[in-house]
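Working through the structure, step by step
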Amino acid sequence: MKNININMVDLMGQYSKIKNEIDRNIISSIESGRFVNGPIVKEFSENLSSYLNVQNVIPCANGTDALQIAFMALDLKPGDEIICPSWTYIATAEAAAILGIKVVFCDVDLHTFNTTADLVEPHINDNTKAIVPVHLYGQSCDMDPIINLAKKYNLKIIEDNAQAIGCKYTFPSQKIMFTGTMGHIGTTSFYPSKNLGCYGDGGAIFTNDNDLADRIKMIVNHGEKIKYHHEIVGCNSRLDSIQAEILNIKLKYLDVYNSNRQIMANNYNLAFEDINEIRIPRVISSSKHVYHQYTLRVLNGKRDQLKNYLNDIGIPSMIYYPIPIHKQKPYINNQILENTNILFNEVISLPIHTELENSNQEYIIDNVIKFFK
Ligand SMILES: *Cc1c(COP(=O)(O)O)cnc(C)c1O
């Protein structure tokens, strides 16, 4: 076995390349004495808002809060229903459940791992208030049909964009928009391993609706506009200045980071597309893919064998997700989600990060091919 060191993510390797800039700005941030909501938080929000071409970016403490605040801003109440995929990170459902909102799960497409308008529609009833599409693994859902569906039933759309920041979607009109900016509200996470990650927790909420933005700005800060005048029930969910310094630097490199991920995904795709027992991720023509994860399907019950085989030779891999939400204890129900029930036994995510060296990727590719020979 060759001497290798491959990680699922390599945040230290990435840091080492931007260390001078990061260290300098962190120190000056501390010296400014503005630890919470300093000027840099505003500067970063403005930079992200012009990058995404969205009217308002409201930073908050993490991506889970961002979702909860979005539901609060839309005034969703106990008894109201939202529809989201079961095939996502727990936070999507949890943020609604904590408010007493009923979470109804929809299925996802087997090939893109994303939900579609057709899979959402059967779950709509008189109590449904919002659809929560998740741009999973870095690819946009097919938003045009979802937006039309929401219009037809007068529903709100909250895009969970925690995994797809920087991904673009093209409408049939040829209009191009970033994920997270197409619905009424979009949310994201700056958790360290996300495509745009800080060195702790962070998140943000996006909206083109200025009235909603005003409400969101109040909610993240105890429901106040004027200090100690609380107009609505809010919470405390803010972004630290130090995290904003880091994000402001890393935003400059986001496109480079994402295109590195695309190059690596392309290498994997070319190497694996002809293997009978593998299904490479399908990308719809209207969406780019920023590969937060490179996730394959392994057929014929061989996924766990492959995972163990790779592990034994120093190649890490992950299962996102081992248990879909509708099979998790607090959310368990007897919904039958055909594709979701297949996916959790078939998916495997391989290392894909900004610092993955070519020789290491070749080693991964050679060994995956060897396993299937
Ligand atoms: C990471 C993630 C979140 C939650 O973000 P946190 O910052 O960890 O709270 C929500 N939804 C999805 C799809 C995620 O991947």
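Residues numbered from 1 in each chain as written. Predicted model: local features only at pLDDT ≥ 70, side-chain atom pairs only at ≥ 80, totals over all residues. Heavy atoms only, no water.

What follows concerns the nonpolar core. Judged by nonpolar contacts, the single largest core of 40 residues is most densely connected at Trp87, Phe272, Tyr294 and Leu350. At the level of secondary structure, the elements contributing two or more residues to this core comprise α8 (241-272), β13 (294-298), α9 (303-312), α10 (338-346), β14 (347-350) and α11 (358-372). Broken down by element, the residue count for this core peaks at six residues, all from α11. When we break this core down by domain, the ones giving at least three residues each are domain 1 (12-251) and domain 2 (253-372). Discounting residues that sit within four places of it in the chain, leucine 350 has contacts with Met8, Tyr268, Phe272, Tyr294, Leu296, Leu310, Ser317, Ile364 and Val368. Listed in part, the 34 residues of the second largest apolar core include Met72, Ala91, Ile101 and Leu337. (Core = buried A, V, L, I, M, F, W, Y, C linked by side-chain atoms within 4.5 Å. Buried < 20%, exposed > 50% of the residue type's maximum accessible area, 1.4 Å probe, protein only. Helix = DSSP H or I, 4+ residues; strand = E, 2+ residues; numbered from the N terminus. Domains from an automatic or database assignment. Contact = heavy atoms within 4.5 Å.)

A few words on the sheet that holds strand β1 (residues 56-60). In space, the seven strands of this open sheet follow the order β1-β9-β8-β5-β4-β2-β3, with mixed pairing throughout. With one partner strand each, in any of the chains shown, β1 and β3 (102-106) form the two edges of the open sheet. On average, each strand axis in the sheet is tilted by 25 degrees relative to the strand beside it, whichever way the strands run. The pairing of strand β2 (residues 81-85) with strand β4 (residues 128-131) spans three bridges and is parallel. Across the sheet, the residue bridging to isoleucine 83 is isoleucine 131, located in β4. Sheet strands touched by helix α2 (residues 39-52): β1 and β9 (203-207). Its angle to β1, the strand with the most contacts, is close to 135 degrees. (Pairing = 2+ DSSP bridges. Axes fitted to C-alpha atoms, helices over the stretch in contact; angles between N-to-C directions.)

A few words on the packing of aromatic side chains. Counted according to the given criterion, the structure contains 14 aromatic pairs. Taking 5.9 Å as the distance between ring centres and 90 degrees as the angle between the ring planes, the aromatic pair formed by tyrosine 15 and tyrosine 199 counts as edge-to-face. Remark: tyrosine 199 occurs in the loop between β8 (185-189) and β9 and tyrosine 15 occurs in helix α1 (residues 11-32); sequence separation between them is 184 residues. The class of tyrosine 199 is partly exposed, set by a relative accessible area of 30%. Relative to tyrosine 321, the ring of tryptophan 87 lies with its centre 6.1 Å away and its plane at 80 degrees, an arrangement referred to as edge-to-face. (Phe/Tyr/Trp six-rings, centres within 6.5 Å; stacked < 30°, edge-to-face > 60°.)

Another point: the packing of α9 against α11. Running from N to C, α9 and α11 cross one another at 135 degrees; their axes reach a closest spacing of 11 Å. As far as their axial angle goes, α11 and α9 are oblique. Here α9 runs over α11; the crossing is right-handed. Here Gln305, Leu306, Tyr309 and Leu310 of α9 come into contact with α11, specifically with Asn367, Val368, Lys370, Phe371 and Phe372. Among the residues forming the contact of α9 with α11, the class breakdown is six nonpolar, two polar and one charged. (Parallel < 35°, antiparallel > 145°, perpendicular 65-115°, else oblique. Left-handed = near helix turned anticlockwise from the far one by under 90°. Nonpolar A, V, L, I, M, F, W, Y, C, P; charged D, E, K, R; others polar.)

Position of threonine 88 among the secondary structure elements: in the loop between β2 and α4 (91-97). In this structure the side chain of threonine 88 is engaged in a polar contact, spanning 2.8 Å, whose partner is the side chain of threonine 92. Ignoring sequence-local partners within four residues, the contact set of threonine 88 consists of Val134, Leu136, Tyr321 and Ile325. (Polar contact = N/O pair within 3.5 Å; in protein donor to acceptor, adjacent residues only side chain to side chain.)

Moving on to the site of the ligand. Near the ligand lie 13 residues; those nearest to it are Gly63, Thr64, Asp160, Ser189 and Lys194. In the model, an oxygen atom of the ligand is placed 2.5 Å from a nitrogen or oxygen of the threonine 64 side chain. Serine 189 is positioned with one of its side-chain polar atoms (N or O) 2.7 Å from an oxygen atom of the ligand. Coverage of the ligand by the protein amounts to 93% of the 380 Å² it exposes when considered alone. Elements supplying a minimum of two residues to the shell around the ligand: α3 (63-73) and α4. (Near = heavy atom within 4 Å. Areas by Shrake-Rupley, 256 points an atom, 1.4 Å probe, with all protein chains shown as cover.)

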